[in-house]
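Observations on chain architecture
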Amino acid sequence: MGASCILTDALLPDGRRVDVTVVDGVVAAVDEVSSSAARSPADLQDRDEEQFLRHDLGGMLLLEGLAEPHAHLDKALSADVVVNATGDLIGAIEAWHEHRGRISSENTLARALRATEIAAEHGVTAIRSHVDVGADIGARGVEALVEARRLCRRLVDLQLVALVGVPLTGAEGAGNRRALAAALAAGADLVGGAPALDPRPAECVAVCLDAAAEAGLAVDLHVDETLDPDVRTLADLARGILDRGFAHPVTASHCVSLGMMPDADQREIATLVAEAGVGVVTLPQTNLFLQGRGRRTAPPRGLTALAALAEAGVRVAGGGDNLQDPFNLMGRGDPFETASLLVTAGHLLPDAALAQVSGRARDVMGLPAAGARPGAVADFVAVAAGSARQAIAAAPGTRLTFKAGRLVARVRRTGAVVSGTATLPPESD
């Protein structure tokens, strides 16, 4: 059950100043500040308005809650311990696999909880985390993250993807297939994997789809995380969905090779992806970090084909992926950072970039719409900014995060600029 409250004097992206009334975690009314005082108690479903907790936003920009559609909470904040010697994807995989068997469940839980708190402080109210599963470690990562999901249930909606290792196919993949079954039994919400790394990519896609169909679950796969334009597992995935009539949501994350293909090929595959109803998550931070190393002339950006996917009508979201681990030494757990990279590296307009880390991300995650409109889930982030562009550019340090109408995180920027002996008061964000 959500909370009931009134958010007063909020600035919306369209420039309106409004009061937002929330009843049981759902937006009941959005009123212009000048007219909100005229509402009758009946407008609040016969509730006494005086009993509603009030949050005076003082003109802060109110945005729908941010969402992280692709995280790795089991790996988060491990960069100082797990060192990627080469800096590329294979180096990260090898470094992580060398260490993961020695990482305790308690350590995994502690880092995951801290990473979730960091995300919530930045305005995130929903996270989808991939969690390593394999013959060597079984489902213990999922078990730790299930506990994190329980502990954080009032803070964020946390979805868990069983990221099963390779090979998943053939006799040599039997142990990983057993680990995937154990992870689903332990409470994973989606079937995951990395088919392009399997010796038989199309067969790996089939194994993942069949496992998900049997369990009645959605799918989110790491797809074509490579600059090789001949790697086209995304097309295998779309065809597998259409051939089976697969009935559950499917997400393809990364899809880097698509961005390296000729325009005609991009359009053809994007049309197939749209027909199959696949959502795509682009991950600019990690792919900029991992891809293109060693290419000293015209290094590629490592992003998917954003324009072709958009033109085909594919639902595209943006994610942060890794948070200070061997796959990405950087990362702040802030979707505004992802949105900024989608503007600078992906050439999206600010409003479109913001949508990819909020409403579009929620859509790909299968969550109901949030934001300041009647009937929407009351997940918000209020920031000290005057517009969406300012919020993305400045990543304001002052933020309030609301989950289902409940204030769950408050961060306030403090400080001053010092010049000589004079201390200058900070200007508003």
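We now turn to the structure provided with this report.

1. Regarding the pairing of strand S11 (residues 250-254)
Within a regular strand, the side chains alternate between the two sheet faces. A large share of S11 lies buried, amounting to five of its five residues. Sheet topology note: the strand S10 (residues 218-223)/S11 ladder contains five bridges and is parallel. The residue of S11 that forms the bridge with valine 223 is histidine 254. As for the winding sense of the linkage, the β-α-β connection from S10 through helix H6 (residues 233-244) to S11 is right-handed. The pairing of S11 with strand S12 (residues 279-282) spans three bridges and is classified as parallel. For threonine 251, the partnering residue across the bridge sits in S12 and is glycine 279. At this point the chain moves from S11, through helix H7 (residues 263-276), to the parallel S12, and the crossover so formed is right-handed.

2. Considerations on the sheet that holds strand S13 (residues 316-318)
The eight strands are arranged S6-S7-S8-S9-S10-S11-S12-S13 in an open sheet whose pairing can be described as parallel. Of all the strands in the sheet, just strand S6 (66-71) and S13 have a single pairing partner and so form its edges. Going across the sheet, the axis of each strand differs from the next one's by a mean of 20°, ignoring polarity. Running over the sheet, helix H3 (residues 140-151) touches strand S7 (124-133) and strand S8 (157-164) and is turned about 175° from S8.

3. Describing the environment of histidine 72
With respect to the helices and strands, histidine 72 occurs in the loop between S6 and helix H1 (89-100). Ignoring anything within four residues of it in the chain, the contact list for histidine 72 reads Ser129, His130, Leu163, His222, Asp321 and Asn322. Among the polar contacts listed, one links the side chain of histidine 72 to the side chain of aspartate 321, at a separation of 3.3 Å.

4. Focus: the pattern of salt bridges
Scanning all chains against the criterion turns up 24 salt bridges. Of the charged contacts in the structure, one is a salt bridge between arginine 200 and glutamate 172, with a shortest N-O distance of 2.8 Å. Here arginine 200, found in the loop between strand S9 (190-192) and helix H5 (201-215), pairs with glutamate 172, found in the loop between S8 and helix H4 (174-186); they are 28 residues apart in sequence, far enough to count as distant. Residues aspartate 379 and lysine 403 are paired through a salt bridge, measuring 3.3 Å at the closest nitrogen-oxygen approach. A residue pair is termed long-range when its members are at least 10 positions apart, and aspartate 379 in the loop between helix H12 (359-364) and strand S14 (380-383) and lysine 403 in strand S15 (residues 399-403) qualify at 24 residues. Across this residue pair, the class does not change: aspartate 379 and lysine 403 are buried. Three or more residues joined by partner-sharing salt bridges are found here, namely Lys75, Arg100, Asp132 and Asp136.

Reading guide: rules and limits
- Residues numbered from 1 in each chain as written.
- Predicted model: local features only at pLDDT ≥ 70, side-chain atom pairs only at ≥ 80, totals over all residues.
- Heavy atoms only, no water.
- Buried < 20%, exposed > 50% of the residue type's maximum accessible area, 1.4 Å probe, protein only.
- Helix = DSSP H or I, 4+ residues; strand = E, 2+ residues; numbered from the N terminus.
- Pairing = 2+ DSSP bridges.
- Right-handed = clockwise from strand over helix to strand, strands pointing away.
- Axes fitted to C-alpha atoms, helices over the stretch in contact; angles between N-to-C directions.
- Contact = heavy atoms within 4.5 Å.
- Polar contact = N/O pair within 3.5 Å; in protein donor to acceptor, adjacent residues only side chain to side chain.
- Salt bridge = Lys/Arg side-chain N within 4 Å of Asp/Glu carboxyl O.

Keep in mind that these numbers describe shape and distance, not what the molecule does.
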